[in-house]
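So you can see what is in the structure, the chains are spelled out below.
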Amino acid sequence: MNMHGKYTSQVIDMGFEQQLVHKTFYEMLVEAGERDVVRALGEMFFAAHRDGADLSSIRFAQGEVYFHRHDYEAAIFKWEQVQRDDLRPWAQKNIADSCYELGRLELAEELYRSIETDSETLQAEIMLRLFSLYRELGENTKADDMIKRGVSRYPDYPNMTEWARAFFEEQGDWESAVELALGETLRTSARRWVDILIGYVEQGHARTMAPVRFSRCLALLYETDRVKFERLVQALWNGYRDGDLYFSWLAEWNRLYEELEIRRDYDWKRIPVLLADAYAGLMKGPYRLKELVEVAPPLVKSWMSLADGPEAAAAAAALLAWSEKFPEVFQEETINDAAKRLVHAKRPVRETGVSLFDEIADWAEEQRAGSHFRFRWVVRQLSDSRTHCVLVAGASRHERLAFLRTLVGEAALAAPSAPVLAWRNGGELEVAKISDDQFTVFSSIDEFQQAAGGRANRFPDDVVIECAAPFSLVPQGIVLLDIGPLGGRASFDHEAFVSFSLADSVLFLLNGEDPLSSADEQLLLRLHERAPHVPMYVLLPPGDGMVDEEETARMVEEVEAHVRTIVPEARVIVYSPHAPNRKQQQALIGLLEEMRRCVSSVRREEAILTTTGRFIAHLFRQRAEAESRLAELVVWKKEMAAKLSGAIHQLGDLQEEKTAKVAKSFHTVLADMRGELTKAIPDLLCNMAELVGENSDFSRLPLELNDKANERLRAYLNEEVLPKLRVAMEQWIAATEDEFNECQVFLHEMGEGFNAMFGEERLMLECDFRIVADWRRDISRLTSGAQIEKLNIFLRRTPGQLLLKGAGKLLGAFAQNKAMLAQKYKQLIETQDYIDVAETAARQLLLPFEWFAKSIERDVTQFFQAPATMLRETLERLELEIAAQEGELKQMRTNPEAYRDPLVLFGIRLRQCEQLAQAASAAVQLLQDENKPIRSV
């Protein structure tokens, strides 16, 4: 057989394509151990050529040898000659490989893409070569697309998935890396790929992937490898926690739990802890109830079914708490199972009532819902195991305070009108006033009573007065408590009954005149119903018939027998509440000492939970009241804003009216004075004729007359006119001041009215009376002297004056003409029109007053400026308050869940604590009948 025949017989070998892949096809044509492969193939080529055989296989092999010797051009030449159909695609691929090695990458890409073949091996090889080529070119997008196509088509091809994994990791494309590991895990179930997948998830590379992508893989692992199933669940849980897909993951877990029927047929190490932490995070996280209702109940169900030991009780309590709020989300069988688990499971180290209360109180403070000092005080007292609180009940409050006075003295009367009073034996005297909003401490009873407004002052329903002092008759650690409304008409919903849960024991005072009246019996019954486990001690005042010990013992026995029909374990003690003898007092102190040693931690925990429940209800009620108050406040403030706006307009009208009135009266004074001047000045000037005589120097007479007329005019203005004008101006100022005073009174009344409505001193409507003083100063200055220019009275160029002036110069030298001339002068002076002179003089005199009049409007505006500004600023501030409160009200009404949902969740957590507390109590009795539903502990 020639070499060609040898090749033909081996073409069907299963390793044939791998030889083509590694370019070792030539080994099929040459003898093993042949050293000169090129020569051997050359001889084979000439022999085949001589025989006329197909040379393609030999040329293909020669190309391989040249390729391995890096003679890529010779290799290309040989492969270009290959014509066999089965070798031709491989020859094309090898040519592309040679171009790749020569650095002709673009040509290599073109050649790879042009190859057409049915061989999956060749197609896979082409994809890997193109992947390497694109990486060489830096075209990572094309490389990514190519390797993903290769993985999807030929995942079993050697190195395909490994090259893909290395590339994804190098590129930081963790989503693709996770998808690869996930796909290979599902395809191969190989532990190696499971570990790779879990590693990716543990490193946080899957937190942006939809949880449903892992469901098939989790289902597979649940059936094949529970250890790795649990590891992957933990990795996914930790990755999704606090992320955007957390609730999607919880929903997917809940679905898987039901679909896979995950149960306690395996010792789960991680999942129960994950479920417990997830539940705690949901209940304390910033989530809406609407979101939680979808995921929390099924989550609690899976937690309960998978948890063991103490955690099983916590899970069962959580499920029962949710079932009470949302009974429709659980089947009856599940609820019954939870109740049984709660009974039989070990008790967990549960969330304490104090920690839950503190969390609620801190949340309320963050919500600006108040500090709630009273509730904090009650819980603090309940959490102090060193104290024992004794509730003094029964009789009238006057009788109770009389009894307490025998133990604490006058301190019992410190604040008899306070709803709740508490006394404790302390080192130094200290009185504390505690309400929801304030905690105030006083160093003496007098200081407290002074601040409180005396003993008769009534306190709001939420006030507690605590008095600590060295009370010698009160044992250390004993707290005496009096709740004012107790025994009255007030119901147990009264705010004061928040403090009722403090009672570790009850001292019930019977009425000495009518022991065990119907009112006493009713109150005893109510107290026992509200606190069935609190010890009850009944104090019986010694009556007239109790004259000796035997009679007293008989009376005590009768009363005790009757009391125990209401409170089975009650004890009766004889004690005079007003004037106890020494024996009675010692007996009472001994009883208090005995009480102090008995504090039930279980009852205290239940009391803390009860107080927490009242606190949650209080917050709900407070929110509703706050919304109602805020709505009313907005309406009221809008009404106040309307009234302020009306007041502003009213003040504007008043200012306009007073400005017009004051200006008018001022102008009236000026007009009267101007009229008087225009009448008086011409008469004054006409009288200047008396200064003319025969002896006058007629040549200078006009000048002399003009000077004397000006002098007489100034004297008239200064001596007669200005004093009269000063009087008129002072009268004007006085009248204006009266007007201003009326305005001020009006504004004071307006301000007081608004302040009364506001309930605070918001408005101080004080006008600026300094302008009146300024006016007086200005008027005094203006009327201190006339400042007028010298007037041309007799030197004007009127025809008569010109004639006399010329005649005077011409005829003045002739004595016989002087009498006639003097007579003519007189006639001229007496008959001349001086109106223009009078008007000029009046204008000059009154000009400063005219300027003064122009400032009146500005001055009156200044007078009203402060009240007007205060009214406007108050209105603006009020409008800002209205806008802010309307926004707050809108937020409360459009987003009530922001406040309500956390309280509902606090309530569910409270019920969980109560379920655990009740299950821990020996008094809890559960029905064991399997057929009877057990809905709650």
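Residues numbered from 1 in each chain as written. Predicted model: local features only at pLDDT ≥ 70, side-chain atom pairs only at ≥ 80, totals over all residues. Heavy atoms only, no water.

Tallying secondary structure elements over the protein gives 34 helices and nine strands in all. The C-alpha atoms of the protein give a radius of gyration of 56 Å, which is well past the 30 Å a tight globule of 937 residues would have. Here the C-alpha coordinates of the protein stretch approximately 190 × 125 × 45 Å along the principal axes. Here the protein holds 937 residues, and 49% of them are scored as buried. With an accessible surface of roughly 46200 Å², the protein has 49% of that area assigned to carbon and sulfur atoms. Taking the 112 positively charged and 149 negatively charged side chains of the protein as two groups, their mean positions are separated by 4 Å. (Helix = DSSP H or I, 4+ residues; strand = E, 2+ residues; numbered from the N terminus. Rg over C-alpha atoms; globule rule 2.2 N^0.38 Å. Buried < 20%, exposed > 50% of the residue type's maximum accessible area, 1.4 Å probe, protein only. Areas by Shrake-Rupley, 256 points an atom, 1.4 Å probe, with all protein chains shown as cover. Lys, Arg positive; Asp, Glu negative; His and termini not counted. Charge placed at Lys NZ, Arg CZ, Asp CG, Glu CD.)

A word on unusual backbone geometry. Of note, Lys-23 is a non-glycine position whose phi angle comes to about 60°, a positive value. Tracing the chain through its elements places Lys-23 in the loop between helix H2 (16-22) and helix H3 (37-51). Of note, Arg-368 is a non-glycine position whose phi angle comes to about 55°, a positive value. Examined against the element boundaries, Arg-368 turns out to sit in the loop between helix H20 (353-366) and helix H21 (373-382). We classify Arg-368 as exposed; its relative accessible area is 73%.

Let us now look at the nonpolar core. Of all hydrophobic cores here, the largest spans 132 residues; its most connected members are Phe-214, Phe-229, Trp-237, Tyr-246, Trp-249, Trp-253 and Trp-322. Examining the composition of this core, we find that 11 residues originate from one element, helix H18 (residues 310-325), more than from any other. Once you skip the residues sitting within four places of it in the chain, Trp-237 turns out to touch Tyr-246, Trp-249, Leu-250, Trp-253, Leu-274, Leu-275, Ala-278 and Leu-299. Judged by nonpolar contacts, the second largest core, of 75 residues, contains Leu-722, Leu-763, Ala-786 and Phe-863. (Core = buried A, V, L, I, M, F, W, Y, C linked by side-chain atoms within 4.5 Å. Contact = heavy atoms within 4.5 Å.)

Think of an α-helix as 3.6 residues a turn; residues three or four steps apart then line up on the same face. The first and last C-alpha atoms of helix H4 (residues 56-68) sit 19 Å apart over 13 residues, in line with the 18 Å expected at 1.5 Å per residue. Those residues of H4 lying buried are Ser-56, Ser-57, Ile-58, Phe-60, Ala-61, Gln-62, Gly-63, Glu-64, Val-65 and Phe-67. Once H4 ends, the next one or two residues include His-70, with phi positive near 65°. (Expected span 1.5 Å × (residues − 1).)

So, on to the packing of aromatic side chains. For any pair of aromatic rings, the description rests on two quantities: the centre-to-centre distance and the angle between the ring planes. Taken as a whole and judged by the stated rule, the model has 42 aromatic pairs. Seen from their ring centres, Phe-247 and Tyr-287 are 5.0 Å apart, and the 65° between their planes marks the pair as edge-to-face. Of the two residues, Phe-247 is situated in helix H15 (residues 246-260) and Tyr-287 in the loop between helix H16 (271-284) and helix H17 (289-306); the sequence distance between them amounts to 40 residues. The exposure classification of Phe-247 matches that of Tyr-287, with both residues buried. An aromatic cluster is defined as three or more aromatic residues linked by ring pairs; in this entry it consists of Phe-666, Trp-732, Phe-740, Phe-769, Trp-775, Phe-852, Phe-863 and Phe-864. The lysine or arginine in question, Arg-226, covers the ring of Tyr-222, its NZ or CZ lying 3.9 Å from the ring centre. Directly above the aromatic system of Phe-758 lies the positively charged group of Arg-762, at a separation of 4.6 Å from the ring centroid. (Phe/Tyr/Trp six-rings, centres within 6.5 Å; stacked < 30°, edge-to-face > 60°. Lys NZ or Arg CZ within 6 Å of the ring centre and 35° of its normal.)

This part takes up the pairing of strand E6 (residues 478-483). For E6, a buried count of six out of six residues is recorded, marking the element as mostly surrounded by other parts of the structure. Sheet topology places strand E1 (residues 388-393) next to E6; five bridges connect them, and they run parallel. When the bridges of E6 are listed, Val-392 appears paired with Asp-482. (Pairing = 2+ DSSP bridges.)

Right, let's talk about the pattern of salt bridges for a bit. Scanning all chains against the criterion turns up 60 salt bridges. Of the charged contacts in the structure, one is a salt bridge between Arg-374 and Asp-436, with a shortest N-O distance of 3.1 Å. Of this pair, Arg-374 sits in helix H21 while Asp-436 sits in the loop between strand E3 (430-434) and strand E4 (439-442); the two residues are 62 residues apart in sequence, bridging distant segments of the chain. Through salt bridges with shared partners, one network takes in Lys-23, Lys-93, Asp-97, Glu-125 and Arg-129. (Salt bridge = Lys/Arg side-chain N within 4 Å of Asp/Glu carboxyl O.)

Ordered in space as E4-E3-E5-E2-E6-E1-E7-E8-E9, the nine strands form an open sheet in which the pairing is mixed. In this open sheet, the two edge strands, each paired with only one partner strand, are E4 and strand E9 (571-574). Recorded for the sheet is a direction-independent mean angle of 20° between the axes of neighbouring strands. Sitting on the sheet, H21 touches strand E2 (420-425), E3, E4 and strand E5 (464-469), and the angle it makes with E5 is about 45°. Running at roughly 175° to strand E7 (residues 505-509), helix H24 (residues 518-530) makes contact with E1, E7 and strand E8 (536-540) of the sheet. (Axes fitted to C-alpha atoms, helices over the stretch in contact; angles between N-to-C directions.)

Before going further, it helps to spend a moment on H15. For H15, spanning 15 residues, the distance from its first C-alpha to its last is 21 Å, which sits close to the expected 21 Å at 1.5 Å a residue. If you check which residues of H15 are buried, you get Tyr-246, Phe-247, Trp-249, Leu-250, Glu-252, Trp-253, Asn-254, Leu-256, Tyr-257 and Leu-260. Check the buried side of H15 and you find it contacts helix H13 (215-224), helix H14 (226-240), H16 and H17. Looking one or two residues beyond H15, the residue adopting positive phi is Glu-261, at roughly 55°.

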